[in-house]
Amino acid sequence: MLTDYHVHLRPDERECTAAEHFTVGNAERYRAAADERGIAELGVAEHIYRFAAALEVWEHPFWRQYAVDDLDAYCGFVREETDLRLGIEADYVPGREDRMGSVLEARDWDFVVGSVHFLRDRSLDTEDYSIWGTGESAEKIWRRYFETIAESALSGLYDVIGHPDLVKVWGDRAPRPDKDLRFYYEPAVEAFAEAGVAVEVSTAGLRKPVAELYPARPFLEMILDAGCPIALSSDAHVPDQLGFRYEEALELLGELGVGELAVFERRRRRMEPIG
């Protein structure tokens, strides 16, 4: 059974409104694309910062630009008008765990994807508020990133840890540490195993400057050695990106002996054969 849970019904640009994209017709386009590609389990996980409720958690200027939509209306639309699994991509904000927990616990999700896009008030993957070029060393950024990913797993907020090495997103456009990168992965892997969370293999990195899967193969090998379950997603923002280059992800998973994927319903996980 193939899955694609970490999916967005719209591109990230602010002008891509809920009114335009949270429609039955748009959901049907996603479902049709999934059916064409053999994806049986299809979910949606909009960015939490697109919703006004996110400002109960964090009031970063980037979030304030985007946080205009009604979170409960989104949940109602997905539950009542589509057959998609209901999810959310919720950023981990250190020190705001209780606030995020209150927002999440008030809704009936099938799954919650945790992600780290910011280190303090600086962004890892956008040009606005970028951490790159601020004078921070690559070693410090990578260490802080994986420590924060570890904290996110241990927070108990999330079912899946999304794109777990997002810090590499810019590829050669941003500096990398000189050390063996497995040094940085280690605290995250330990936390994943302790928390029992699923870890996402995402083909989104193949569309980014880094041009490789999340996570990198050595990181994935460590994750599997620790016994962590795997979730598979494309981080699609348009229907044509569903299942994007899944053949490469499936080839790697096969080489590493992965035969099952995590499937979610009402925040309960089960494992299903890839088939």
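Presented here is an overview of the structure given in this document. Remember, it's a predicted structure, so these values are computed and weren't measured experimentally.

## A closer look at the side chain of E46
Structurally, E46 is set in strand β2 (residues 39–47). Judged by relative accessible area, which is 1%, E46 ranks as buried.

## Regarding the pattern of salt bridges
Within this structure, the stated rule accounts for 21 salt bridges. We note a salt bridge from R182 to D180, for which the minimum N-O separation is 2.7 Å. A relative accessible area of 42% places D180 in the partly exposed class. For the salt bridge of R217 with E255, the shortest nitrogen-to-oxygen distance reads 2.8 Å. With R217 in helix α8 (residues 217–225) and E255 in helix α9 (residues 246–255), this pair connects stretches of sequence that are 38 residues apart. Take R217: its relative accessible area is 37%, and that puts it in the partly exposed class. Given the relative accessible area of 47%, E255 is considered partly exposed. Here the salt bridges share partners, and the residues they tie into one network are R79, D108, D110 and R266.

## So, helix α2 (residues 24–36)
Relative to the 18 Å expected for 13 residues at 1.5 Å per residue, α2 spans 18 Å between its end C-alpha atoms, a close match to the ideal helical length. Looking only at α2, the buried set comprises N26, A27, Y30, R31, A33 and A34. Down the axis, α2 shows its buried residues gathered within 160° of arc, on one side only. Exposed side chains of α2 directed beyond 90 degrees from the buried face belong to E28, D35 and E36. Just downstream of α2, G38 is the residue with a positive phi angle, here 75°.

## Considering helix α6 (residues 138–154)
With 17 residues, α6 should cover 24 Å at 1.5 Å per step; its first-to-last C-alpha distance of 24 Å lies within 8% of that length. Those residues of α6 that are buried lie in contact with β5 (118–119), β7 (160–161), α7 (182–195) and α8. Count one or two residues on from α6 and you reach G156, which has phi positive near 80°.

## Brief notes about the environment of T3
Assignment of secondary structure puts T3 in strand β1 (residues 2–4). Classification of T3 by relative accessible area gives buried; the value is 0%. T3 sits 31 residues away from A34 along the chain, and the two C-alpha atoms are 9.0 Å apart. Once residues within four sequence positions are removed from consideration, T3 is found in contact with I39, E41, L232, Y246, L261, A262 and V263. A polar side-chain atom of T3 sits 2.9 Å from the main-chain carbonyl oxygen of L232.

## Observations concerning the sheet that holds strand β8 (residues 198–202)
Taken together, seven strands build an open sheet; the order of strands is β1-β2-β3-β4-β7-β8-β9 and the sheet is parallel. Each end of this open sheet is capped by a strand with a single partner; those strands are β1 and β9 (230–233).

## Topic: the packing of aromatic side chains
Counted by the stated rule, this structure contains 21 aromatic pairs. Considering the side-chain rings of F111 and F264, the 6.5 Å spacing of their centres and the 40° angle between planes classify their relative orientation as tilted. In this pair, F111 is assigned in strand β4 (residues 111–115) and F264 in strand β10 (residues 260–265), connecting sequence segments 153 residues apart. Using a relative accessible area of 0% as the deciding quantity, one classes F111 as buried. Seen in terms of ring centroids, W142 and Y184 are 6.3 Å apart; in terms of plane orientation they differ by 70°. Their pairing is edge-to-face. Remark: Y184 occurs in helix α7 and W142 occurs in helix α6; sequence separation between them is 42 residues. According to the relative accessible area criterion, Y184 is buried, its value standing at 4%.

## A short note on unusual backbone geometry
Geometrically, the link from Y214 to P215 is a cis peptide bond, its omega value of -10° lying close to zero. You can see P215 is positioned in the loop between β8 and α8. With a phi angle near 20°, H163 is a residue other than glycine that sits in the positive phi range. Within the secondary structure layout, H163 lies in the loop between β7 and α7. Non-glycine residue R266 carries a positive phi angle of around 50°. Residue position: R266 is located in the loop between β10 and β11 (268–273).

## Some details on the packing of α7 against α8
At a closest axis distance of 10 Å, the pairing of α7 and α8 adopts a crossing angle of 30°. For the crossing formed where α7 meets α8, the hand is right-handed. Of the residues in α8, those in contact with R182, Y185, E186, A188, V189 and F192 of α7 are P218, F219, M222 and I223.

Conventions we followed
Residues numbered from 1 in each chain as written. Predicted model: local features only at pLDDT ≥ 70, side-chain atom pairs only at ≥ 80, totals over all residues. Heavy atoms only, no water. Helix = DSSP H or I, 4+ residues; strand = E, 2+ residues; numbered from the N terminus. Buried < 20%, exposed > 50% of the residue type's maximum accessible area, 1.4 Å probe, protein only. Salt bridge = Lys/Arg side-chain N within 4 Å of Asp/Glu carboxyl O. Expected span 1.5 Å × (residues − 1). Arc of directions from axis to C-beta. Contact = heavy atoms within 4.5 Å. Polar contact = N/O pair within 3.5 Å; in protein donor to acceptor, adjacent residues only side chain to side chain. Pairing = 2+ DSSP bridges. Phe/Tyr/Trp six-rings, centres within 6.5 Å; stacked < 30°, edge-to-face > 60°. Axes fitted to C-alpha atoms, helices over the stretch in contact; angles between N-to-C directions. Left-handed = near helix turned anticlockwise from the far one by under 90°.

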